[in-house]
Amino acid sequence: MLHALLADARFWQLLHRLDEDLAATAGAARCPHCGGALHRGDYPRKPRGVDRARLGPAYERRHSFCCSRDGCRRRVTPPSVRFFGRRVFLGALVVLVSALAQGLTGKRRAGLAAQIGAGAQTLERWRRWWREALPATAFWHAVRDRLLPPVALDQLPQSLLERFAAGGSTIDRLAHALHFLAPLSALGAPVR
Ligand SMILES: [Zn+2]
């Protein structure tokens, strides 16, 4: 499953197109602080976990905007389905690899992490984030009532993935889950 995803150029292109749409919406609005016009001010990223040649140069930039008004110049960063907060690993991997790691121990868990060039401690950090940090965010409090019956917090993120695109492929569910979680990436949520 993970190999198929890593090699699926169409999936990564789809996420890029979704991000372009999210950026277009954000860029068409005014600065939320002062009402000034927004100018494009993307910033560089070096995402890890997937071969850069496969991702293409579009993945080396995170969509972002800067207010054009002197004295404000604040940054507006739209939600993203590709970049998960400040994490260096792509959001799709934070979701899918965390789900695949559920129930794995020892060597199998380390082997899974190695497939994306991560260490077992990275997976452990993600596990704690899903179970402890995410449920405490304002985002989660705002959306959890849309997830009825409630998702099992001790089974995140698999319990979340199962709610999306019933009958669809894992990749469909993953894309839906990333879209659902995208507001987290715009809030600059602490997701180390
Ligand atoms: Zn402004």
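Residues numbered from 1 in each chain as written. Predicted model: local features only at pLDDT ≥ 70, side-chain atom pairs only at ≥ 80, totals over all residues. Heavy atoms only, no water.

Q: Quick question: what am I supposed to make of the environment of Ala-186 here?
A: Considering the arrangement of structural elements, one finds Ala-186 in helix H9 (residues 170–186). Residues Ala-186 and Pro-78, spaced 108 residues apart in sequence, show a C-alpha to C-alpha distance of 5.4 Å. Aside from chain neighbours lying at most four places away, what touches Ala-186 is Arg-62, Thr-77, Pro-78 and Pro-79. (Helix = DSSP H or I, 4+ residues; strand = E, 2+ residues; numbered from the N terminus. Contact = heavy atoms within 4.5 Å.)

Q: Explain the side chain of Arg-109 to me, please; I cannot follow it from the model alone.
A: For Arg-109, the position within the fold is in helix H5 (residues 106–115). Look at Arg-109 and you get buried, because its relative accessible area is 15%. The residues contacting Arg-109, other than those within four sequence positions of it, are Ala-101, Leu-104, Leu-123, Glu-124 and Arg-127. (Buried < 20%, exposed > 50% of the residue type's maximum accessible area, 1.4 Å probe, protein only.)

Q: What am I meant to see in the packing of helix H2 (residues 9–28) against H9 here?
A: A pair of packed helices is captured by two measures, namely the crossing angle of their axes and the spacing between those axes. Interhelical geometry of H2 versus H9 gives an angle of 25° and a closest axis separation of 11 Å. Relative to H9, H2 is oriented roughly parallel. The handedness of the crossing between H2 and H9 comes out as right-handed. On the side of H2, the interface is formed by Phe-11, Leu-14, Leu-15 and Leu-22, while H9 contributes Ile-171, Leu-174, Ala-175, Leu-178 and His-179. For the contact of H2 with H9, the per-class residue count stands at eight nonpolar, one polar and no charged. (Axes fitted to C-alpha atoms, helices over the stretch in contact; angles between N-to-C directions. Parallel < 35°, antiparallel > 145°, perpendicular 65-115°, else oblique. Left-handed = near helix turned anticlockwise from the far one by under 90°. Nonpolar A, V, L, I, M, F, W, Y, C, P; charged D, E, K, R; others polar.)

Q: Looking at this model, I keep getting lost on unusual backbone geometry. Mind explaining?
A: When glycine is set aside, most residues are seen to have a negative phi, and most peptide bonds are trans. In the segment running from Leu-148 into Pro-149, the intervening peptide bond is cis, with an omega of -5°. Cis geometry is adopted by the peptide bond preceding Pro-157, which originates at Leu-156 and carries an omega value of 0°. For Pro-157, the location among the structural elements is in the loop between helix H7 (138–143) and helix H8 (158–161). The phi dihedral of Arg-73 falls on the positive side, at around 55°, and the residue is not glycine. Within the secondary structure layout, Arg-73 lies in the loop between strand E4 (65–67) and strand E5 (75–76).

Q: Would you mind showing me how to read the confidence of the model for the chain here?
A: Low pLDDT means the predicted atomic positions in that stretch should not be read closely. In the predicted model, the chain carries a mean pLDDT of 91, and 97% of its residues have values of at least 70. Note on residues 188–192: pLDDT under 50 across the span, and 13 contacts to partners over four residues away in sequence or across chains. (pLDDT = per-residue confidence, 0-100.)

Q: So what exactly am I meant to see when it comes to the coordination of the zinc ion here?
A: Ideal donor angles around a metal are set by the shape: a four-donor tetrahedron calls for 109.5 degrees, a six-donor octahedron for 90 or 180 degrees. For the zinc ion, the full set of protein donor atoms is Cys-31 (SG), Cys-34 (SG), Cys-67 (SG) and Cys-72 (SG), and the range of their distances to it is 2.2 to 2.3 Å. Bound by four donor atoms, the zinc ion shows angles of 97 to 112° at the metal and therefore tetrahedral coordination geometry. Sequence positions of the donors to the zinc ion reduce to the motif C-x2-C-x32-C-x4-C. One end of the pair, Cys-31, is in the loop between H2 and strand E1 (38–40); the other, Cys-67, is in strand E4, with 36 residues separating them in the sequence. (Donors = N, O, S within 2.8 Å, 3.2 Å for Na, K, Ca; no water. Tetrahedral: all angles 85-135°; square planar, octahedral: opposite > 155°, others 65-115°.)

Q: Please clarify how H5 should be interpreted in this entry.
A: It helps to recall that an α-helix has 3.6 residues per turn; residues three or four apart then point in one direction. Listing the buried residues of H5 in full gives Arg-109, Leu-112 and Ala-113. When H5 is viewed along its axis, its buried side chains cluster within an angular range of 100° and face the same direction. When the buried face of H5 is taken as reference, the exposed residues oriented beyond 90 degrees from it are Lys-107 and Arg-108. One or two residues past the end of H5 sits Gly-117, with phi positive at roughly 75°. (Arc of directions from axis to C-beta.)

Q: Honestly, the nonpolar core in this entry has me stumped. Any pointers?
A: In globular proteins that are soluble, nonpolar side chains generally tend to be buried together. Counting 51 residues, the largest nonpolar core has Phe-11, Trp-12, Leu-93, Trp-130 and Trp-140 as its most contacted members. Taken together, the elements giving at least two residues each to this core come down to helix H1 (2–7), H2, helix H4 (91–101), H5, helix H6 (120–133), H7, H8 and H9. Here the element with the most residues in this core is H9; it accounts for nine residues. Those residues in contact with Phe-11, other than ones at most four positions away along the chain, are Leu-5, Ala-92, Ile-171, Leu-174, Ala-175 and Leu-178. (Core = buried A, V, L, I, M, F, W, Y, C linked by side-chain atoms within 4.5 Å.)

Q: Where do I start with the packing of aromatic side chains in this structure?
A: Aromatic rings in a pair are described by how distant their centres are and how their planes are angled relative to each other. This structure, assessed with the given rule, holds nine aromatic pairs. When the ring of Phe-11 is compared with that of Trp-12, the centres are 5.0 Å apart and the planes differ by 70°; the resulting orientation is edge-to-face. You'll find Phe-11 and Trp-12 in the same group, each marked buried. With 5.8 Å between their ring centres and 70° between their planes, Phe-139 and Phe-180 make a pair best called edge-to-face. Of this pair, Phe-139 sits in helix H7 while Phe-180 sits in helix H9, and the two are 41 residues apart along the sequence. For Arg-82, the ring lying beneath its charged end belongs to Tyr-59, and the centroid distance is 4.6 Å. Note that Arg-87 overlies the ring of Trp-129, its terminal NZ or CZ placed 5.4 Å from the centroid. (Phe/Tyr/Trp six-rings, centres within 6.5 Å; stacked < 30°, edge-to-face > 60°. Lys NZ or Arg CZ within 6 Å of the ring centre and 35° of its normal.)

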